[in-house]
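Working through the structure, step by step
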Amino acid sequence: MSTTAAQRFLQDAAVKSADLVHRELIRRGMESYDAAHLKGRARIKDWEAARQKCQEIKREAINHLDRYLLQFEEKVVSRGGHVFWAANGEEACTYVKDLATRLGVRTVVKSKSMVTEEIHLSPALEKVGIKVWETDFGEFIVQLRDEPPYHIVTPAMHLNRGQIAKLFREKLDPEIDSDDPAYLMAAARRKLRQAFFAAEMGISGANFLVADTGVIAISTNEGNGRLCTSIPRIHVVVTGIEKVIPRLEDLAVLWPVLATSGTGQGITTYSTLIGGPRRPGEVDGPEEFHVVLVDNGRSQLLADAEQREVLHCIRCGACLNICPVFRHVGGHTYGTTYPGPIGSVLTPHLAGIKEFKHLSYASSLCGACSSVCPVKIDLHHHLLQNRRNATEAGATKSSERLMFRAWRSAMLHPRIYALGGWSMRRALRMIYGLGLAGSIFDPMRVWNRHRSPVPLPSQSFRARWRKGLGTN
Amino acid sequence: MAQTENSSRDRILERIRTGLRTVVPEPAATISDRVIFEPVNNPLERFQQECVANLMECSLTADCAASARQLSKVLQSLPEGETFVQDDPSLRRLIELAAPGRAIRWSSQGAPGEASQATVTLAEALIAQTGSILVTASCGGRSASVIAPCHIVYATVAQLVPDLAMALSGASQQRSLDRNSFACVISGSSRTADIEKILVQGAHGPRRLVVILQTAT
């Protein structure tokens, strides 16, 4: 029997939140991030002003998206680059696939790009016999495990060094005899160096598209993005249309804010700008430069007055890191390309509200995500709006609608409400008395199966109110 | 103009324009008078501090002879092998003094080989705020700053700019990105923390980033 995304989410969440090894790994990882993030923020004199500036830059870009994209395109094309506009993932994949086939590409090296994950580019290329190497260390690890990234910034944070050493022994080299992170990185480096020099095509994402200069901006720490865009003879950038920003000078704030929110660094090690293929007289660089601008549902969000700002997201991962739900259930449980609060807001727009409305409920609405978002997206309110939108679109179950109808009726008739409360107290007292708390006979099972039951009050709230609450 | 054949282009633009007809109220900008980053008062001191934080090696030298001595010291600490050098008169002079016997590949002979032990390049600017060097394709090409285990940058104090904003507006005004297909703000050696958030230096790029910073031009 096929399960729904919501059922899978509940099952996986239950497993992951009870997995003590996973919890410990994520706790340590997040503690280390928290410390670095706080230290990074302290380096910026006025963090709130920085957030506001970034919000304004992105708002200006998104509110004039057509103009800035055309400006970007004109610049890139004038330097001999190509710009392809893809309405959906399929169009984007077909373009890259056809390009690779036409130019005789057999091997591709990729630097980390969430948009390529979103449109499933690697499987599409592998289907036509092209070998794809993920070159970001974390992405390389999850590729060897044949699983999607766990987190949009640190894709392999759910694994410890022992698991990675074992994986490398099985998949790379049986001689691997240490689990030291530097040793494991060196093993991956040796393998991937061969790939960099064998590949005819490098595929990257883009953190920003700079309209006035016509360049893409990529932030990487490892340098794999640099090698992907320097050595192969073709460079393809696959990115979302919302990544555009107006001016080169905007990066003076966006780069430090992205790095601070992503990893706590003052700036990412390699903040790279690329505007086209290698120019005459340059020592190296690709002969061909293609930018694939992916829409895939993004333009629809522009018409949503409440949620247009979701397109401001710079994919730093800060909302995932702070989210108490993410910290318990982990990235894979979401079953989406973008996990965590931003994924829960965005996925219903990209992949359908009916199948992914449950993600809006995977939140305590504590607002921690909104408080850290470097472009000030009001994430938790957007989760509430998605709940409302799902209800209005009739995407709720008939049993849920019936329950709410009954609740509404009880709320409008105090006697029925009181009777309901009275019966529930009696019934629960009996069930608890028989030791059946948390069993299938317990209406409070969802709560009680993992917790001690909340003690039942002897009287209703109304009765206590009448007697005077303060004297109770 | 080599326009790519593109059937969805107009459709996407139309969708964007239709979407943008929905009016979203914009709050007035309010941060104009707020200072986001602490102003950099002493660029040299700040640059040196940030280099330490970024795990870079920065040596201050008085003149060309001292820079050559420093370069020689760094090269001697590396294993035997080819050194790739940006073909520029100032670097030709420096290499002549620092490493007369060493195997050199000049950028005019082509891109650096994978086996290069070190690369030596100039920089377009140094950024004090973040302890960064700004390189473009003119600084020996794209891979010169990422391919070898050690990247050595020869720069002068006059190239220091206080912050990123100045560096980027300088690049805009000089139309650096019209003259170069590539530019990069490099802030330390290549690194990763993908395993248990433990920092490893020398991921895919250099393990060492050395700046020889000369006070005299």
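None of the values given here were measured: they were computed from a predicted structure.

What to know about the overall build of chain B
Scanning chain B from N- to C-terminus turns up six helices and 12 strands. The C-alpha radius of gyration computed for chain B amounts to 21 Å, which surpasses the reference 17 Å derived for 217 residues by more than 25%, pointing to a less compact arrangement than a globule. The principal-axis extents of the C-alpha atoms in chain B amount to approximately 70 × 45 × 45 Å. Excluding contacts between residues fewer than 6 apart, the proportion of contacts in chain B whose partners are at least 24 apart in sequence is 73%.

Digging into the overall build of chain A
Per the secondary structure count, chain A includes 23 helices and 10 strands. Expressed along its principal axes, the backbone C-alpha trace of chain A runs to roughly 90 × 55 × 50 Å. Scored against the burial criterion, the 472 residues of chain A give a buried share of 49%. Within chain A, contacts between residues at least 6 apart in sequence are counted, and of these 72% link residues at least 24 apart.

Quick look at the packing of helix α16 (residues 340-351) of chain A against helix α19 (residues 379-392) of chain A
All names here are of chain A. Two elements in contact, α16 and α19, have axes separated by 9 Å at closest approach and are oriented at 35°. For the crossing formed where α16 meets α19, the hand is left-handed. Where α16 approaches α19, its residues Pro-341, Ile-342, Ser-344, Val-345 and Pro-348 are matched on the opposing element by Leu-379, His-382, Leu-383 and Asn-386. In terms of residue class, the contact of α16 with α19 is built from six nonpolar, three polar and no charged.

What to know about the sheet that holds strand β3 (residues 131-134) of chain A
All names here are of chain A. Taken together, six strands build an open sheet; the order of strands is β1-β10-β7-β4-β2-β3 and the sheet is parallel. Looking at which strands have only one partner, the edges of the open sheet turn out to be β1 (82-86) and β3. Within this sheet the neighbouring strands show an average axis-to-axis angle of 20°, counted without direction. Inspection of the sheet shows strand β2 (residues 107-110) paired to strand β4 (residues 201-204) by three bridges, in the parallel sense. Looking across to β4, one finds that Val-108 is bridged to Met-201.

Digging into the nonpolar core
Residue and element names in this part refer to chain A. Residues Val-108 and Val-292 are the most contacted members of the largest nonpolar core, which totals 177 residues. For this core, the leading source of residues is helix α12 (residues 251-262), giving eight residues. For Val-108, the residues in contact, after removing those within four places along its chain, are Ala-100, Leu-125, Ile-130, Val-132, Trp-133, Ala-199, Met-201 and Ile-203.

Things to note about the sheet that holds strand β9 (residues 182-186) of chain B
The strands that make up a sheet are held in pairs by hydrogen bonds between backbone atoms, and each pair lies either parallel or antiparallel. On the basis of which strands lie adjacent, the open sheet formed by eight strands has the order β8(A)-β5(A)-β6(A)-β9(A)-β9(B)-β6(B)-β5(B)-β8(B) and mixed pairing. Since the sheet does not close on itself, it has two edges, and those belong to β8 (244-245) of chain A together with β8 (160-161) of chain B, each with one partner. Looking at chain direction, strand β5 (residues 208-210) of chain A and strand β6 (residues 215-220) of chain A are connected through three bridges and run antiparallel. What sits directly across from Val-210 of chain A, in β6 of chain A, is Val-215 of chain A. Across the sheet, helix α5 (residues 164-173) of chain B is in contact with β5 (125-127), β6 (132-136), β8 and β9 of chain B; its angle to β5 of chain B comes to roughly 155°.

Brief notes about the interface of chain B and chain A
At the interface, 66 residues of chain B touch 80 residues of chain A. Only α1 (9-20), α5, β9 and β10 (191-192) of chain B provide two or more residues apiece to the side of chain B that touches chain A. Per-element tally for the side of chain B that touches chain A: the top contributor is α1 of chain B, with 10 residues. Class assignment for the residues of the side of chain B that touches chain A results in 29 nonpolar, 24 polar and 13 charged. Sheet topology note: the strand β9 (residues 270-274) of chain A/β9 of chain B ladder contains five bridges and is antiparallel. When the bridges of β9 of chain B are listed, Leu-273 of chain A appears paired with Ala-183 of chain B.

Observations concerning α16 of chain A
Residue and element names in this part refer to chain A. Given a rise of 1.5 Å per residue, 12 residues ought to cover 16 Å, and the 15 Å separating the end C-alpha atoms of α16 matches this to within 8%. Among the 12 residues of α16, 10 are classified as buried, and the element is accordingly described as predominantly covered. Burial in α16 covers these residues: Gly-340, Pro-341, Ile-342, Gly-343, Ser-344, Val-345, Leu-346, Thr-347, Pro-348 and His-349. On the buried face of α16, the contacting elements are α13 (298-302), α14 (318-322), α15 (324-329), α17 (353-356), α18 (368-372) and α19.

Considerations on the packing of α12 of chain A against α5 of chain B
Where α12 of chain A contacts α5 of chain B, the axes come no closer than 8 Å and their chain directions differ by 135°. By the angle between their directions, the pair α12 of chain A and α5 of chain B is classed as oblique. Pair α12 of chain A / α5 of chain B crosses with right-handed handedness. Between α12 of chain A, through Leu-251, Ala-252 and Trp-255 of chain A, and α5 of chain B, the contact on the second element is made entirely by Leu-164, Ala-165 and Leu-168 of chain B. Split into classes, the residues belonging to the contact of α12 of chain A with α5 of chain B amount to six nonpolar, no polar and no charged.

Some thoughts on unusual backbone geometry
Even without a glycine there, the phi angle at His-120 of chain A is positive, about 55°. Within the fold, His-120 of chain A resides in the loop between α6 (114-118) and α7 (121-127). Look at Glu-196 of chain B: it is not a glycine, yet its phi comes out positive at around 50°.

Looking at the environment of Asp-163 of chain B
Residue and element names in this part refer to chain B. Among the structural elements, Asp-163 can be located in the loop between β8 and α5. Between the C-alpha atom of Asp-163 and that of Glu-38, which follows or precedes it by 125 residues, the distance is 9.9 Å. Not counting residues up to four positions away in its chain, the partners in contact with Asp-163 are Phe-37, Val-40, Ile-127, Ala-128 and Gln-129.

Overview of the confidence of the model for chain B
Counting all residues, the mean pLDDT for chain B is 94, and 95% of those residues have values of 70 or more. Prediction confidence for the complex, expressed as pTM and ipTM, is 0.93 and 0.96 respectively.

Quick word on helix α2 (residues 43-53) of chain B
Residues and elements named next belong to chain B. Taken together, the buried positions of α2 are occupied by Arg-46, Phe-47, Glu-50 and Cys-51. The buried residues of α2 occupy an angular sector of 140° when the element is viewed end-on, so they sit on one face. Opposite the buried face of α2, by more than 90 degrees, sit the exposed residues Glu-45 and Val-52. On the buried face of α2, the contacting elements are β1 (57-61), β5, β8 and β12 (208-214).

Conventions and cut-offs
Residues numbered from 1 in each chain as written. Chains lettered and ligands numbered in written order. Predicted model: local features only at pLDDT ≥ 70, side-chain atom pairs only at ≥ 80, totals over all residues. Helix = DSSP H or I, 4+ residues; strand = E, 2+ residues; numbered from the N terminus. Rg over C-alpha atoms; globule rule 2.2 N^0.38 Å. Contact = placed C-beta atoms within 7 Å. Buried ≥ 20, exposed ≤ 12 C-beta atoms within 10 Å, placed from the backbone. Axes fitted to C-alpha atoms, helices over the stretch in contact; angles between N-to-C directions. Left-handed = near helix turned anticlockwise from the far one by under 90°. Nonpolar A, V, L, I, M, F, W, Y, C, P; charged D, E, K, R; others polar. Pairing = 2+ DSSP bridges. Core = buried A, V, L, I, M, F, W, Y, C linked by C-beta atoms within 7 Å. Expected span 1.5 Å × (residues − 1). Parallel < 35°, antiparallel > 145°, perpendicular 65-115°, else oblique. pLDDT = per-residue confidence, 0-100. Arc of directions from axis to C-beta.

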